[in-house]
Amino acid sequence: MLTQTTTRVLEPSDLDAALAVLDREPVANAFVTARVRAAGLDPWRLGGELWGWYADGMLESLCYAGANLVPICATPRAVRAFADRARRTGRRCSSIVGPAEPTAELWRLLEPSWGPAREVRPRQPLMVTDRLPDDVAPDPYVRRVRKDEMETIMPACVAMFTEEVGVSPLAGDGGLLYQARVAELVGSGRSFARIDRDGRVVFKAEIGAATDRACQVQGVWVAPEYRGRGIAAPAMAAVLRYALADVAPVVSLYVNDYNAPARATYRRVGFDEVGAFMSVLF
């Protein structure tokens, strides 16, 4: 029996307790929940460790420590404990991302030893919807990307990532990991695009994380020459239709607060802001 407070790396036998914490906030925790449900708690399969913070023997908070560092249902005391562990292990992640308040505190504690960050995005509205819009017809040309269209979709994915994150996903390993991730989404039917007659991608988006309770849209991108033409809202309505019909009853995404056109598009198709994320990029 664990007493007082303690932090430790969770083991496969802790799966049910971890899922109980994750299920407290199914929308905000969709990314980590999807990974844990698919891979369990074995670090090799999970792609990282799941740290647990206990108070009086009860698991209360989590932190995913992999390519991203993600605080989950993290109380202020848990954040301090996670920061202590992260300082000891050293930075292995490319970003810290999660609900804005605990993420901001986690970064405040880690910045002296981990900083400086390449970029800090302190407020990224978290938006959700559970229905199709009444007044925006889904674009009939948006469809699932086929497995034989990887060469068509990859340049658009690279362009989106570079524009959004500020670095190319092809750096380092030549893009092998990124290409594998794109292929995984295409193969699972969670990559969507509008492709014109000349084989150019006009619009694309993916459902990056999915559980039986919520899914998360990511990588939304309109080709620069098509921006401002009213393509985004009907295209997003089409992605929503697929997501609600085939994936989960609630669809979420998070967006940079300074991206006014994107926020307007998401509101137009029925997304409401319910909270905020924060990202620290290295």
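Structure: above.
Attention in this report is confined to the structure presented alongside it. Note that this is a predicted model, so its numbers are computed, not measured.

1. Focus: the overall build of the protein chain
Move 1: Regarding its fold elements, the protein chain presents nine helices and 12 strands.
Move 2: Over its C-alpha trace the protein chain gives a radius of gyration of 19 Å, about what one expects of a compact globule, namely 19 Å for 282 residues.
Move 3: Each of the three principal axes of the protein chain carries a C-alpha extent, and together these read 65 × 40 × 35 Å.
Move 4: Within the protein chain, buried positions represent 50% of all 282 residues.
Move 5: Contacts in the protein chain between residues at least 24 apart in sequence constitute 68% of all its contacts with a sequence separation of at least 6.
Move 6: Counting every atom, the protein chain has about 13700 Å² of accessible surface; 51% of that belongs to carbon and sulfur.

2. Description of the packing of helix α8 (residues 232-246) against helix α9 (residues 260-268)
Move 1: Interhelical geometry of α8 versus α9 gives an angle of 55° and a closest axis separation of 9 Å. As far as their axial angle goes, α9 and α8 are oblique. In terms of crossing hand, the pair formed by α8 and α9 is right-handed. Where α8 abuts α9, its residues A232, A233 and M236 lie against T265, Y266 and R268.
Move 2: Across the contact of α8 with α9, the residue classes break down as four nonpolar, one polar and one charged.

3. Side note on helix α1 (residues 15-22)
Move 1: Among the residues of α1, A18, L19, V21 and L22 are the ones counted as buried. The arc enclosing the buried residues of α1, seen along the axis, measures out at 155°, which places them on a common side.
Move 2: Packing partners of the buried residues in α1 comprise α2 (30-39), β2 (49-55), β3 (58-65) and β4 (68-72).

4. Observations concerning empty space enclosed by the protein
Move 1: All told, the structure shown has one cavity of 30 Å³ or more when counted by the stated rule.
Move 2: The class makeup of the residues in the lining of the largest cavity is two nonpolar, two polar and four charged.

5. Here we look at the packing of helix α6 (residues 150-165) against helix α7 (residues 176-187)
Move 1: Between α6 and α7, the shortest axis-to-axis distance is 11 Å and the interhelical angle comes to 120°. Classed by the angle they form, the pair α6 and α7 counts as oblique. Two packed elements cross with a definite hand, and for α6 against α7 that hand is right-handed. Residues M150, I153, M154, C157, V158, M160 and F161 of α6 form the contact with α7, whose participating residues are Y178, Q179, V182, A183 and V186.
Move 2: Of the residues belonging to the contact of α6 with α7, the class tally is 11 nonpolar, one polar and no charged.

6. Remarks on the pairing of strand β12 (residues 272-281)
Move 1: Both strand β5 (residues 95-99) and β12 contribute to a ladder of five bridges, which runs antiparallel. If you follow S95 over to β12, its bridge partner there is L281.
Move 2: Direction of pairing for strand β6 (residues 119-129) relative to β12: antiparallel, over a ladder of eight bridges. Directly across from P125, in β12, lies its bridge partner A276.

7. Thoughts on the pattern of salt bridges
Move 1: Applying the stated criterion across every chain yields a total of 19 salt bridges.
Move 2: A salt bridge links R121 to E119; its shortest N-O distance comes to 3.0 Å.
Move 3: Its salt-bridge partner being R267, residue E273 comes within 3.8 Å of it at the nearest N-O pair.
Move 4: Where salt bridges share partners, they join R143, R146, D148 and E149 into one cluster.

Definitions and cut-offs
Residues numbered from 1 in each chain as written. Predicted model: local features only at pLDDT ≥ 70, side-chain atom pairs only at ≥ 80, totals over all residues. Heavy atoms only, no water. Helix = DSSP H or I, 4+ residues; strand = E, 2+ residues; numbered from the N terminus. Rg over C-alpha atoms; globule rule 2.2 N^0.38 Å. Buried < 20%, exposed > 50% of the residue type's maximum accessible area, 1.4 Å probe, protein only. Contact = heavy atoms within 4.5 Å. Areas by Shrake-Rupley, 256 points an atom, 1.4 Å probe, with all protein chains shown as cover. Axes fitted to C-alpha atoms, helices over the stretch in contact; angles between N-to-C directions. Parallel < 35°, antiparallel > 145°, perpendicular 65-115°, else oblique. Left-handed = near helix turned anticlockwise from the far one by under 90°. Nonpolar A, V, L, I, M, F, W, Y, C, P; charged D, E, K, R; others polar. Arc of directions from axis to C-beta. 1 Å grid on protein atoms, 1.4 Å probe; cavity = no way out; pocket = protein on both sides within 12 Å on 5 of 7 lines; lining within 4 Å. Points joined across faces, edges and corners; volume = space filled by probe spheres on them. Pairing = 2+ DSSP bridges. Salt bridge = Lys/Arg side-chain N within 4 Å of Asp/Glu carboxyl O.

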